[in-house]
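An overview of the molecular structure
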Amino acid sequence: MSTRLNSVGHWLLAGLLGVSPALTLAAGDPAAAVAVVGRCVACHGADGIGKAPQYPNLRGQKASYIEKSLKAFRSGERKDPSMSAMAKPLTDAEIANLAAYFETVD
Ligand code: HEC
């Protein structure tokens, strides 16, 4: 009985893991980020390297983390005088594109 439940559980887990990336990660388009990335480069650099000590590097950062950070700034869950204002007008699609851009920029 318990063996049978366990195999069903594993099957369900595998199914959920297979599906969840599509649900949690919007597939951003780095090329489409050009429409908005101009707002970020004065501080974070077009190459994702911060222009001054107080501006974090975004180059090579995982897109999922960039996306999570931007949404936290947008919602007010995370606060910063510069970033709260920058994130506020961004759409989910713009955030996904920016995240993909900074993850892959070189
Ligand atoms: C006026 C300067 C400025 C501009 C413009 C700016 N940022 Fe930022 N950004 C900052 C600062 C300062 C921080 C650090 C905030 C903190 O300490 O929490 C930051 C943090 C971040 C973080 C979190 C990094 C981490 O490691 O947690 C992300 C992601 C980010 N910015 C993305 C962007 C994007 C995308 C844009 C353009 C839409 C942008 N920023 C525009 C100054 C700026």
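Refer to the structure presented above.
Residues numbered from 1 in each chain as written. Predicted model: local features only at pLDDT ≥ 70, side-chain atom pairs only at ≥ 80, totals over all residues.

**A word on the packing of helix α4 (residues 63-75) against helix α6 (residues 92-104)**
Under the convention used in this document: Lines fitted to the C-alpha atoms define the axes, with helices restricted to the stretch that makes contact. Angles between their N-to-C directions range from 0 to 180 degrees. Think of it this way: any DSSP run of H or I at least four residues long counts as a helix, any run of E at least two long counts as a strand, and we number them from the N terminus. Roughly parallel means an angle under 35 degrees; roughly antiparallel means over 145; roughly perpendicular covers 65 to 115; every other angle is labelled oblique. Each helix crossing is assigned a hand: it is left-handed if the near helix lies turned anticlockwise from the far helix by less than a right angle, otherwise right-handed if that turn is clockwise. By the criterion used throughout, residues are in contact when their C-beta atoms, derived from the backbone, lie within 7 Å. Each residue is assigned to one of three groups, with Ala, Val, Leu, Ile, Met, Phe, Trp, Tyr, Cys and Pro labelled nonpolar, Asp, Glu, Lys and Arg labelled charged, and all others, Gly among them, labelled polar.
At a minimum axis distance of 8 Å, the contact between α4 and α6 shows a crossing angle of 140 degrees. On the basis of their axis angle, the class for α4 and α6 is oblique. As for the relative orientation of α4 and α6, their crossing is right-handed in sense. Along its contact with α4, which presents Ala-63, Ile-66, Glu-67, Leu-70 and Lys-71, the element α6 presents Ile-95, Ala-96, Leu-98, Ala-99, Ala-100, Phe-102 and Glu-103. Taken together, the residues of the contact of α4 with α6 sort by class into nine nonpolar, no polar and three charged.

**Describing the site of the ligand**
For clarity, the cut-off: Being near a molecule or strand means, for a residue, that its backbone-placed C-beta atom lies within 6 Å of it.
The immediate surroundings of the ligand are formed by 18 residues, with Cys-40, Cys-43, Ser-69, Asp-80 and Ser-82 found nearest. Among the elements of the structure, α3 (41-44), α4 and α5 (81-87) are those that each provide at least two residues to the shell around the ligand. When the residues that make up the shell around the ligand are grouped by side-chain class, the tally is 12 nonpolar, four polar and two charged.

**A look at α4**
Quick reminder of the rule: For a helix, the expected span equals 1.5 Å multiplied by the number of residues minus one. Comment: burial labels come from other C-beta atoms within 10 Å of the residue's own C-beta, placed from the backbone, where a count of 20 or more is buried, 12 or fewer is exposed, and between is partly exposed. An arc is given here, and it is the one of the directions from the helix axis to the C-beta atoms.
Look at α4: 18 Å from first C-alpha to last across 13 residues, which is about the 18 Å you get at 1.5 Å a residue. For α4, the set of buried residues is Ala-63, Ile-66, Glu-67, Leu-70 and Phe-73. Within α4, the buried residues cover an arc of 130 degrees as seen down the axis, which keeps them to one side. On its buried side, α4 packs onto α5 and α6. Positive backbone phi, at 95 degrees, marks Gly-76, one or two positions downstream of α4.

**With respect to α6**
Taking 1.5 Å of rise per residue, 13 residues should cover 18 Å, and α6 covers 19 Å from first to last C-alpha, within 8% of that figure. Residues Ile-95, Ala-96, Asn-97, Leu-98, Ala-99, Ala-100, Tyr-101, Phe-102 and Glu-103 constitute the buried set of α6. In this structure, the buried side of α6 is in contact with α2 (34-37) and α4.

**Section: the environment of Asn-97**
Relative to the assigned elements, Asn-97 resides in helix α6. Each C-alpha atom of the pair Asn-97 and Val-34 lies 8.8 Å from the other, and the pair is 63 residues apart in sequence. When residues no more than four places from it in sequence are discounted, the contact partners of Asn-97 are Gly-28, Asp-29, Pro-30, Ala-32 and Ala-33.

**Some points on the nonpolar core**
The condition that has to hold: Each nonpolar core reported here comprises buried Ala, Val, Leu, Ile, Met, Phe, Trp, Tyr and Cys residues connected via C-beta atoms within 7 Å.
Counting residues in hydrophobic clusters, the biggest one holds 14 residues, and the most contacted among them are Ile-66, Leu-70, Leu-98, Ala-99, Ala-100 and Phe-102. Only α4 and α6 provide two or more residues apiece to this core. The element that contributes the greatest number of residues to this core is α6, accounting for seven residues. Residues in contact with Leu-70, not counting those within four places in the same chain, are Ala-87, Leu-90, Ile-95 and Leu-98.

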